[in-house]
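Listed below are the residues making up each chain.
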Amino acid sequence: MKRNLVLFATLFITALSINAQVLNPVKWSGKTEKLSETEYTLIFEATIEDKWHLYTQDLPEGGPLETVFMFDSISQVDNYKRIGKVKESKYITSYDQVFEMDLNFFDREATFAQTIEVLNPNLKTIKVNIEYQACDDARCIYEQESITFNLETATKATIATLADSETPSNVASADDNKADAKQDTTAIDSDVETENESKGLWITFFTAFFLGFLVLLTPCVFPMIPMTVSFFTKQSKTRAQGIRNALLYGFFIIVIYTLLGTAISALFGSNAMYEFSTGVTFNTIMFIALLVFAFSFLGAFEIMLPNSWVNKVDSGANRGGIVGIFFMALALAVVSFSCTFPIAGTALLDAATKGGIAPIISMLGFSSAIALPFALFAFFPSWLNSMPKSGGWLNTVKVVLGFLELAFAFKFLSMVDLVLEWHILSREVFLAIWISIFGALGLYLLGKIKLPNDSPLPHISVGRLCMALLALSFTIYMLPGLWGAPVELISGFPPPMSTNSESPYGVGNTKPAAFSGGSGTAVKLPEHAHYGPNNLIAFRDYEHGLAYAKKVNKPIMLDFTGLTCVNCRKMEEQVWVKEHVFNVLNNDVVLISLYVDDRTKLPKEEQYESELTGNNVTTLGHKWLELQQVRYNTNAQPLYVMQDTEGKDISKPVGYTPDAEEYHEWLSKGVDRFKEN
């Protein structure tokens, strides 16, 4: 009963969100302050509703839309000029689990300021257009606002305003914001953000801990465990002293690696490291580095620090006492460099992209895994007798890590390929490389491939056989991906299907299943149409889609969506792919997807002023958003509408509907009503 009540409440709220007034969570106002006879500050003030976020002017690619202020370039030339850029009040920076990146946003209120110099003494007003995106936990809206500033009614700037570089006292530069964003605790959702950040840090810690555990099984570290613990227990006068020394040794291991994470965190910071990590330079460096380390692990060569460094550290270890123990821990880090650095570096750079104290937490987890056995074996030295002996299996672990590093290297290369649009590492090529790598790994574990540092293999252990079967099973699992299968286990790693060049729909396929019309016969792509989500035939222009619907006499499924709309992608990837839903979308309707955040400029002759908002409609996105607002009195996406061939609605619009059965029922009713008419 309780579950039904919750479901009813959810459906009721969803219904209200579709039929309510146009969402307007951000209220804008403007005021003008006079700095001198010719200089003014235009101040934009935004009031934001509870639980909604307004985004800043500077966001990374792939995230939501930033706030944009558009000044009329023609008016500026003749009447005024801008001094500097638009400044903004302090914002909040938080890692967003949906977009998987650090985002800058405002809660409750925001203030922006632009200083201008008046060139025309007869200038009375200045009009500025604002484009922005605001989101809550379930919806996003894309809006445009216009503010007209009256210079004749400008108030005199306050002392505080003049003291802050002619900028309102609550407005700061982007650099100031980045320095102080973490200190802003006024947000209404601060508890939620703190909880999300805590979860992210725990994931970072345990991921690095697992990688540290893998390092323990390499030939650089594993043999050091019994040797070091035996040294402390035998050389110490009492067992308690031996335990203390071993614990100090483990503690210093943690300190050394954590200091590395602290240095990275202090040098780069969150935003700078994230921007660097998403760029071509970083991904190219990571590809080359992982490639080098992979070949080193596979036995092509050995990466070692200069002998002079090792000798200096060893001499420090001979001092005795706490200082000597510290240098022994440092010696472990230096001697095991060739095994630890490739894995520690991968963990550290991954954490650095998340920013904040994540690099410190990452190295804390990594080093804790390495230090743990030294502490445990010091407390229970008898366990040393049960440890497996060093041997060829350690090199096997190292080689397996080499194969994994080689596979991940191509993930970084694919990022470079996508950004630069080389179209070299397509999805099919990427999958072919991974299939080869993991297939070779399986054959290696079965003893069919020998590498330089391998020991003779008289027989295959049960553990090694299980690992080989796992690698070969994964290889076979990826094979259908060449024919267009989604391979969901590695979703997000291969490039998207659209990157396939030689066979856009999978190896051996000339047309995707979506275009077979359910009969196996290839369907010619209609004029002005394209291959949309899940390879469905779709139109991105309403008039073209309407004309095609009339031609084939099918109802229209109007899809108001957005390039950065998270719930839209969830519907496409989790609901539209269901067979019964897919069949309706593929065979029974004409899909028209209208992206309300498409910033493609409209031709001058097609631009106009909105009667609804008074804003200038200058892009395709503005045009489709205007259509949605005028006809359906809402600006939230996704919004789905069933129409006939005259563009008349034949069913009640619905929004985000994660229940595939419910969504299929809505689609089917629309198709049935079209047929009845």
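Residues numbered from 1 in each chain as written. Predicted model: local features only at pLDDT ≥ 70, side-chain atom pairs only at ≥ 80, totals over all residues. Heavy atoms only, no water.

### A short note on the confidence of the model for the chain
Thinking step 1. This prediction gives the chain a mean pLDDT of 74; 67% of its residues lie at or above 70.
Thinking step 2. When the criterion is pLDDT under 50, residues 1-20 qualifies, and its contacts beyond four places in sequence or with other chains add up to 12 contacts.
Thinking step 3. Below a pLDDT of 50 lies the segment residues 269-278, which in the model reaches 27 contacts outside its immediate sequence neighbourhood of four places, other chains included. (pLDDT = per-residue confidence, 0-100. Contact = heavy atoms within 4.5 Å.)

### Section: the packing of aromatic side chains
Thinking step 1. A full pass over the atoms with the stated rule returns 22 aromatic pairs.
Thinking step 2. For the ring pair Phe44 and Phe149, a centre distance of 5.0 Å and an interplane angle of 80° mean the geometry is edge-to-face. With a gap of 105 residues between them, Phe44 in strand β2 (residues 39-48) and Phe149 in strand β10 (residues 140-150) connect regions that are remote in the sequence.
Thinking step 3. Overall, the relative accessible area of 0% leaves Phe44 in the buried class.
Thinking step 4. In this structure an aromatic cluster arises from ring pairing among Trp28, Phe44, Phe69, Tyr91, Phe106, Phe112, Tyr132 and Phe149.
Thinking step 5. Across from the ring centre of Tyr444, 5.2 Å away, lies the NZ or CZ of Arg464, which sits over that ring.
Thinking step 6. Looking at Arg540, its charged tip hangs above the ring of Tyr595, at a distance of 4.1 Å from the centre. (Phe/Tyr/Trp six-rings, centres within 6.5 Å; stacked < 30°, edge-to-face > 60°. Helix = DSSP H or I, 4+ residues; strand = E, 2+ residues; numbered from the N terminus. Buried < 20%, exposed > 50% of the residue type's maximum accessible area, 1.4 Å probe, protein only. Lys NZ or Arg CZ within 6 Å of the ring centre and 35° of its normal.)

### Brief notes about the environment of Val654
Thinking step 1. Position of Val654 relative to the elements: it lies in the loop between β19 (639-643) and α21 (660-676).
Thinking step 2. Assessed through its relative accessible area of 18%, Val654 is described here as buried.
Thinking step 3. Once the C-alpha coordinates of Val654 and Tyr640 are considered, the two residues, 14 residues apart in sequence, prove to be 5.3 Å apart.

### Brief notes about the sheet that holds strand β14 (residues 556-561)
The pairing of strands in a sheet comes from backbone hydrogen bonds and takes either a parallel or an antiparallel form.
Thinking step 1. Strand order in the open sheet formed by five strands is β12-β13-β15-β14-β19, with mixed pairing between adjacent strands. With one partner strand each, in any of the chains shown, β12 (529-531) and β19 form the two edges of the open sheet. When strand polarity is set aside, the average angle formed by the axes of neighbouring strands in this sheet is 35°.
Thinking step 2. Note that β14 and strand β15 (residues 590-595) share six bridges and pair parallel. Among the inter-strand pairings, Phe560 is bridged to a residue of β15, identified as Leu594. (Pairing = 2+ DSSP bridges. Axes fitted to C-alpha atoms, helices over the stretch in contact; angles between N-to-C directions.)

### Observations concerning the pattern of salt bridges
Thinking step 1. All chains considered together, the criterion is met by seven salt bridges.
Thinking step 2. Between Glu45 and Lys31 there is a salt bridge; the shortest N-O distance is 3.6 Å. In this pair, Glu45 sits in strand β2 while Lys31 sits in strand β1 (residues 26-34), placing the two residues 14 residues apart along the sequence.
Thinking step 3. A relative accessible area of 38% places Lys31 in the partly exposed class.
Thinking step 4. The residue Glu37 makes a salt bridge to Lys34 at a minimum N-O spacing of 3.7 Å. (Salt bridge = Lys/Arg side-chain N within 4 Å of Asp/Glu carboxyl O.)

### Here we look at the packing of helix α19 (residues 579-587) against α21
Geometry of a packed helix pair, given as the angle between the helix axes and the separation of the axes.
Thinking step 1. Taken N-terminus to C-terminus, the directions of α19 and α21 make an angle of 30°; their axes are 9 Å apart at the nearest point. With respect to α21, the element α19 is oriented roughly parallel. Seen from above, α19 lies across α21 with left-handed handedness. Of α21, the residues touching α19 (which contributes His580, Val581, Val584 and Leu585) are Ala660, Glu661, Tyr663, His664, Leu667, Ser668 and Val671.
Thinking step 2. Considered class by class, the residues forming the contact of α19 with α21 number seven nonpolar, three polar and one charged. (Parallel < 35°, antiparallel > 145°, perpendicular 65-115°, else oblique. Left-handed = near helix turned anticlockwise from the far one by under 90°. Nonpolar A, V, L, I, M, F, W, Y, C, P; charged D, E, K, R; others polar.)

### Quick word on unusual backbone geometry
Thinking step 1. The phi dihedral of Lys51 falls on the positive side, at around 75°, and the residue is not glycine.
Thinking step 2. Tracing the chain through its elements places Lys51 in the loop between β2 and β3 (53-55).
Thinking step 3. One non-glycine residue with positive phi stands out, namely His528, at about 75°.
Thinking step 4. Within the fold, His528 resides in the loop between α16 (462-478) and β12.
Thinking step 5. Relative accessible area serves as the criterion here: at 46%, His528 is assigned to the partly exposed category.

### Some thoughts on the sheet that holds β2
Thinking step 1. In spatial order, the strands read β5-β8-β2-β1-β11; together these five strands make up an open sheet with mixed pairing. Looking at which strands have only one partner, the edges of the open sheet turn out to be β5 (80-88) and β11 (155-156).
Thinking step 2. Pairing of β2 with strand β8 (residues 109-118) involves nine bridges; the strand directions are antiparallel. Across the sheet, residue Tyr40 finds its bridge partner in β8, namely Ile116.

### A look at the state of the cysteines
Thinking step 1. By the definition in use, this model includes one disulfide.
Thinking step 2. Between the sulfur atoms of Cys135 and its disulfide mate Cys140 the distance is 2.0 Å. Since a negative S-S torsion denotes a left-handed disulfide, the Cys135-Cys140 link at about 110° is right-handed.
Thinking step 3. With relative accessibility at 4%, the residue Cys135 sits in the buried group. (Disulfide = S-S within 2.5 Å.)

### Observations concerning the packing of helix α15 (residues 427-445) against α16
Thinking step 1. Close contact between α15 and α16 brings their axes to 8 Å; oriented N to C, the two are set at 160°. Of the possible angle classes, the one that applies to α15 and α16 is roughly antiparallel. As for the relative orientation of α15 and α16, their crossing is left-handed in sense. Contact residues: α15 offers Trp434, Ile435, Phe438, Gly439, Leu441, Gly442, Leu443, Tyr444 and Leu445, while α16 offers Arg464, Met467, Ala468, Ala471, Leu472, Phe474, Thr475 and Met478.
Thinking step 2. A breakdown of the residues in the contact of α15 with α16 according to their chemical character gives 13 nonpolar, three polar and one charged.

### Details of the environment of Ile370
Thinking step 1. Here Ile370 shows up in helix α13 (residues 358-379).
Thinking step 2. Sequence separation between Ile370 and Phe210 is 160 residues; the distance between their C-alpha atoms is 10.0 Å.

### A look at the nonpolar core
Thinking step 1. Counting residues in hydrophobic clusters, the biggest one holds 31 residues, and the most contacted among them are Trp28, Phe44, Leu54, Phe69 and Phe112.
Thinking step 2. Contributing elements (two or more residues each) for this core: β1, β2, β4 (68-71), β5, β8, β9 (125-135) and β10.
Thinking step 3. Discounting residues that sit within four places of it in the chain, Phe112 has contacts with Trp28, Leu42, Ile43, Phe44, Leu54, Gln57, Thr67, Phe69, Val86, Lys87, Glu88 and Phe106.
Thinking step 4. Grouped together as the second largest cluster of nonpolar side chains are 30 residues, Met286, Ala409, Leu425 and Phe430 included. (Core = buried A, V, L, I, M, F, W, Y, C linked by side-chain atoms within 4.5 Å.)

### Let's talk about the side chain of Thr619
Thinking step 1. Secondary-structure assignment places Thr619 in the loop between β17 (616-617) and α20 (620-632).
Thinking step 2. Separated by 3.1 Å, the side chain of Thr619 and the backbone nitrogen of His622 make a polar contact.
Thinking step 3. Dropping the residues within four chain positions of it, Thr619 is found in contact with Asp598, Arg599, Thr600, Lys601 and Leu602. (Polar contact = N/O pair within 3.5 Å; in protein donor to acceptor, adjacent residues only side chain to side chain.)

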